[in-house]
Amino acid sequence: MRKYLKKILFLVLTIILLGIVLFILKKAHKVTYSLKKDDYNFQIEENFHNKTLYDFFITTNKKNFAFTLNKNYFKQRKIIKNIDVYHKKDLLCIYPILKNDYKEDYHCLYKNKPVSISYLSTLNDDYIQKFLKTRALKLKIPYPKKSSKKSFSKIEVYQDNILPNYKFLIWNYKGIYLLSPEENKNIKLLTKDKYENTLAAILNNFYIYIDTTKKKYSTINYFDIEKEKNYIFKIKDYELSKRIYFNGIYNNELYITDLDTKKEYKFNPKKKKFTQVNELDKYLIVKNNKLTSISKAKFLEKKYYFNESTKNNKITKIFKTKEIVNYQNYYYFKVDNKIYKALKGHEETAILLFELDNIKEWKILEDTLLIINNDTLYFYNDKIGLVPIVKSKELKYNYKNICNFWKK
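Here we come to the sheet that holds strand β14 (residues 200-203). Spatially, four strands are ordered β14-β15-β16-β17 in an open sheet, and the strand pairing comes out antiparallel. Lying at the two open borders of the sheet, with one neighbouring strand each, are β14 and β17 (229-234). Across the sheet, the mean angle from the axis of one strand to that of its neighbour is 25°, orientation sign disregarded. In the sheet, β14 pairs with strand β15 (residues 206-209) via four bridges, with the strands oriented antiparallel. Paired with Ile202 across the strands is Tyr207, a residue of β15.

Tallying each qualifying case throughout the model produces 13 salt bridges. Residue Asp382 is joined to Lys341 by a salt bridge in which the shortest nitrogen-to-oxygen separation is 2.5 Å. Taken together, the residues Asp382 in the loop between β30 (376-381) and β31 (385-391) and Lys341 in strand β26 (residues 338-343) connect sequence positions 41 residues apart. Looking at Asp382, the relative accessible area reads 39%, which means it is partly exposed. Residue class for Lys341 comes out buried when judged on its relative accessible area of 8%. Across the pair Lys391 and Asp375 runs a salt bridge, and its minimum N-O distance is 3.3 Å. Residue Lys391 is located in strand β31, and its partner Asp375 is located in the loop between β29 (368-373) and β30; the two are separated by 16 residues in the primary sequence. On the accessibility criterion, Asp375 (12% relative accessible area) is buried.

Time to look at the sheet that holds strand β9 (residues 150-152). The strand order across the open sheet formed by six strands is β9-β10-β31-β30-β29-β28, and the pairing between neighbours is antiparallel. Each edge of the sheet is formed by a strand with only one pairing partner; in this case those strands are β9 and β28 (359-365). The sheet shows a mean angle of 30° between the axes of neighbouring strands, taken without regard to direction. Pairing geometry for strand β10 (residues 155-157) and β31, over two bridges, is antiparallel. For Val157, the partnering residue across the bridge sits in β31 and is Val390.

What follows is about the state of the cysteines. Within this structure, the stated rule accounts for one disulfide. Residue Cys93 pairs covalently with Cys108 via a disulfide, S to S 2.1 Å. In this structure the cystine formed by Cys93 and Cys108 twists about its S-S bond by roughly 115°; its chirality is therefore right-handed. Taken together, the residues span a long stretch of sequence, with Cys93 in strand β6 (residues 91-98) and Cys108 in strand β7 (residues 107-110) at a distance of 15 residues. Summarising the burial analysis for this pair, Cys93 and Cys108 share the class buried.

Thresholds, definitions, all that
- As a convention, each chain's residues are numbered from 1 in the sequence order in which they are written.
- In view of the model being predicted, local features appear only for residues whose pLDDT reaches at least 70, and side-chain atom pairs are presented and counted only at 80 or more, with totals across whole chains, interfaces and linings using the full set of residues.
- Each side-chain value is derived from all of the structure's non-hydrogen atoms; neither hydrogens nor water enter the calculation.
- Only strands joined by at least two bridges in the DSSP assignment are considered to pair.
- Only DSSP runs of H or I covering at least 4 residues are called helices, and only runs of E covering at least 2 are called strands; the numbering of each starts at the N terminus.
- Axis lines are fitted to C-alpha atoms, over the contacting stretch for helices. Their N-to-C directions set the angle, which ranges from 0 to 180 degrees.
- Salt bridges are counted wherever a side-chain nitrogen of Lys or Arg sits within 4 Å of a carboxyl oxygen of Asp or Glu.
- Remark: exposure states derive from per-residue accessible area (1.4 Å probe, protein chains only) relative to the maximum for the residue type, with buried under 20%, exposed over 50%, and partly exposed in between.
- Note that a disulfide, as used here, is simply two cysteine sulfur atoms within 2.5 Å.

Listed below in structure tokens is the structure:
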């Protein structure tokens, strides 16, 4: 009898241990389940991946919602426990409630099209504005946020819209305006005016730039945004021509190409290293977020930028655009003067984030967008919405790579 008990105990322990091992090794799951709320039957596709990311595709009455949640639920399944619904006229919004009573956010359709709360705030319909006020009260978010301008040097700053731990940088020909919630500064970096700002980039807390007013490019300048201190790196082993361009940043290093010498370099400001990376017939580019090599002939056919638009045939076919940027499991893209984001695999349910009248330039850092529209710099993320940061007459004429931001 004891012999059988030992075998049973061993079997039980083995099963428990195997379950623990499988749980630890588990990297993803896909599960489908349903919920009912009032007259709505929800079909939910839950896709867990990448440690804490949950993708959801929710269908009800032939209406679709797609979004991602980034929260550590320790690989649990079926984490949506309930869904509240708001439906009036052309507006349908769902409000998922997850395990442990965690409240997600509203996801809305307006005239059967997915839209952001930020976009809804621009509409004048009374019932929509009433919904927003109700939402703001429930989630304790002052939305939309209003801010008055205050003059600083030659620009106007919406000071209240600058979030804690953010600093905005605006090129002003001899340096930068450095804007923060606490104060604004005019940082002088050059002795002569430099109108264009193509040779400048932010790498972590460093604002890297080439002084193009010099006769020779024998140094690389970099300004520590956090410490607000400028540094100069002397290039000793190489000579740069005046026909260089910044390819972009990869793995905390800035890649630079010299079209005259046909050499490709990388610069690491933290390690203070400047090295040549190309070999006889091997140059480096970033493709699908990975560093890869191509031939010399192909590399020199055009200028290769690491932040070039991502290709997505489905988005291009549906929305007629090639201005697409990929960040994690979302695509962000521009159609005319509208900016959308779409969950991978559900591009047809792309969310209209906002619309402006004349978008000249836009860029994305992680899940945050920076947009220049006419003479105004805007900031967008899903929690804050679309808010103005700076108004400047100069942005009407000179806006290429003029504005940037850093987050601590």
